[in-house]
Amino acid sequence: MHLPDLEIAKKREKSENKYVNLQENYQKVFNGKKYFLRTYGCQMNVHDSEAIRSYVETLGFIKTENIEEANLVVLNTCAIRENAKDKVMGFLGKCQYLKKNNPDFKIVLAGCMTEQPDVIEEIMQKHKYVDIVIGTHNLYELPKLLMQEYNKQVIEVYSQSDEVIEGMHFNRDSQYTAWVNIMYGCDKFCTYCIVPYTRGRERSRKLEDVVKEVEDLKAKGYKEVTLLGQNVNAYGRDIGEKFSHLLECVAKTKIERVRFVTSHPWNFTDEMIDVVAKYDNIMPYIHLPLQSGSNNILKRMNRRYTKEEYYALFKKMKEKIPNVAITTDIIVGFPGESDEDFNDTLEMVKKCAFDGAYTFIFSKREGTPAARMEDKTPMKVKEERLYKLNELVNYYSNQSNQKILNKVVPVLILGVSEKDENKLYGYTDTMKLVNVVGPKEIIGQIADVKIMEAKSFSLDGEYVKVAC
Ligand code: SAH
Ligand code: SF4
Ligand code: F3S
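To start, this report covers the structure provided alongside it.

Parameters at a glance
Residues numbered from 1 in each chain as written. Chains lettered and ligands numbered in written order. Predicted model: local features only at pLDDT ≥ 70, side-chain atom pairs only at ≥ 80, totals over all residues. Heavy atoms only, no water. Pairing = 2+ DSSP bridges. Helix = DSSP H or I, 4+ residues; strand = E, 2+ residues; numbered from the N terminus. Axes fitted to C-alpha atoms, helices over the stretch in contact; angles between N-to-C directions. Near = heavy atom within 4 Å. Nonpolar A, V, L, I, M, F, W, Y, C, P; charged D, E, K, R; others polar. Buried < 20%, exposed > 50% of the residue type's maximum accessible area, 1.4 Å probe, protein only. Contact = heavy atoms within 4.5 Å. Phe/Tyr/Trp six-rings, centres within 6.5 Å; stacked < 30°, edge-to-face > 60°. Salt bridge = Lys/Arg side-chain N within 4 Å of Asp/Glu carboxyl O.

Turning our attention to the sheet that holds strand β16 (residues 424–428). Strands belonging to one sheet form pairs held by backbone hydrogen bonds; the direction of such a pair is parallel or antiparallel. Around the barrel, which closes on itself, the 5 strands sit in the order β15-β16-β17-β19-β18 with mixed pairing between neighbours. Taking each pair of neighbouring strands and ignoring which way they run, the sheet shows an average axis angle of 50 degrees. Both β16 and strand β17 (residues 433–437) contribute to a ladder of 4 bridges, which runs antiparallel. Within β17, the position partnered with Tyr 425 by the bridge is Asn 435.

In this section: the site of ligand 3. Close to ligand 3 lie Cys 42, Asn 45, Cys 78, Ala 79, Ile 80, Cys 112, Val 195, Arg 199 and Gln 230, which account for all nearby residues. Partitioned by chemical class, the residues of the shell around ligand 3 number 6 nonpolar, 2 polar and 1 charged.

Note that Glu 248 resides in helix α9 (residues 243–251). On the accessibility criterion, Glu 248 (19% relative accessible area) is buried. What Glu 248 contacts, discounting residues up to four positions off in sequence, is Val 275, Lys 278 and Tyr 279.

Quick look at the packing of aromatic side chains now. Tallying each qualifying case throughout the model produces 12 aromatic pairs. Judged by centre distance (6.5 Å) and plane angle (25 degrees), the ring pair of Tyr 310 and Phe 314 falls under stacked. One end of the pair, Tyr 310, and the other, Phe 314, are both in helix α12 (residues 307–320), 4 residues apart, so they sit about a helical turn from each other. For the pair formed by Tyr 310 and Phe 314, the shared burial category is buried.

The next subject is the pattern of salt bridges. In this structure the tally under the stated criterion is 32 salt bridges. Taking the shortest distance from any N to any O, the salt bridge between Arg 205 and Glu 213 comes out at 2.6 Å. There is no split in this pair, since Arg 205 and Glu 213 are both buried. Of the charged contacts, one joins Lys 465 and Asp 448 as a salt bridge, the two residues approaching to 2.9 Å between their closest N and O atoms. One end of the pair, Lys 465, is in strand β19 (residues 459–466); the other, Asp 448, is in strand β18 (residues 446–454), with 17 residues separating them in the sequence. A single salt-bridge network, built from bridges that share partners, covers Glu 166, Arg 172, Arg 205 and Glu 213.

Turning our attention to the site of ligand 2. Contacts to ligand 2 come from Cys 186, Lys 188, Phe 189, Cys 190, Tyr 192, Cys 193, Val 195, Pro 196, Gln 230, Asn 231, His 264 and Arg 303. Across the shell around ligand 2, the residue classes tally to 7 nonpolar, 3 polar and 2 charged.

With respect to topology, 3 strands assemble into an open sheet ordered β7-β10-β11, the strand pairing being parallel. Edge positions in the sheet fall to β7 (177–181) and β11 (257–261), since each of these pairs with one other strand and no more. Sheet twist, expressed as the average angle between the axes of neighbouring strands with direction ignored, equals 25 degrees. Taken together, the 5 bridges between β7 and strand β10 (residues 224–228) define a ladder with parallel strand orientation. When the bridges of β10 are listed, Asn 181 appears paired with Leu 228. Contacts between helix α8 (residues 207–219) and the sheet are confined to β7 and β10, with β7 contributing the most and set at about 165 degrees to the helix.

Structure follows, in structure tokens:
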């Protein structure tokens, strides 16, 4: 086991081309073997899984959706809430069973769960059948670990590293929309959150590397990029850059659509708002987690803003960015949340009338400050609060969808709908999901779509013409 390097080494320059070398050294050794990949968690993990696919496919593995015929299973895990961990542990049980009947069945555990010391301990003690555990900071080592002697458990987790690996390859899920990491890690330490412990300190990619990646994607025919980071708008603080400048440079590549997630209210500057408003190819959509509408709870969460500051920012965005859609994340049942605190959250939801919201019940994460806070609220009360909040949130997202009923809006068509093969699906500029009746030829294009029906979570529309 690699012991965490506690002193954060400045080895960024050295690590630039590590991945490329690995690619050159390990090609096509597992020819024809099959791999099964399951991804849990946020966009960061979805994008990391595109890197995992590139690693294992370069080694010769072929993708299968049927775990029973797989030789390799990779679980890219999430640790954000307890139920995310429970799901992975349940799945591991199934893998153990399959491995009993198939000695040539290897299990790789990747993602945020592997960055939790108690999980590593548990794997070493109780789940010896797991073959490889790899961390979020050294994912690029997966080919090397797969190549190593296969019949002993390999655990390689570098939990403290400020490396930014360049030259990464991704076997992307889509040909039209792409994730682009602009920074890694998080320095905010919200008291409930595990991410700063699983993803390490904030570290930004160089501006020119990001712009080059976007230019390459554009040249390959991609229509949309989403700039990715836990706090995307904290970009550049470690390298003397600014997110507003990066955003402007990316917009100037003239790729059709630019998005970014997730923004922290504390880091959102007027300059950023101005850049979003100025460029037509930066989509009028901002995900701006509120977490709570109570100043008391916001303080205990270490969110660094008050509800008044959040609302002032929210209003400025609405005033300056035409037709902007703003969505949010909210946690209910944070330790010590009173009825009054919860009502403050409901009031903020009413005031902001969010276009959409992801809502969660607080989940205690060992090692975070909130895990040590007194929490007397019964789960039943927390569930009632969530129910009440969801009713309100759904009301406003429905209202927001109704606003574009019978209107013609631009939609980037991404493919055939999973639920109905006679329909296509895509997203509006404001990130609303639309199921579209139209010809398959428009897949990959931005099309004008007339919205025929508006529901709480999606829209139905008809293709009109390819947008100019
Ligand atoms: N970096 C982003 C998102 C992080 S995780 C941000 O700061 O906004 C996505 C969401 O999960 C968070 O916004 C929060 O609402 C929720 N979340 C994080 N930790 C949680 C916990 N311990 N319990 C419940 N929800 C949590
Ligand atoms: Fe977690 Fe807060 Fe960082 Fe978001 S900003 S990843 S919620 S610590
Ligand atoms: Fe989960 Fe890690 Fe993302 S904990 S939400 S996969 S950063």
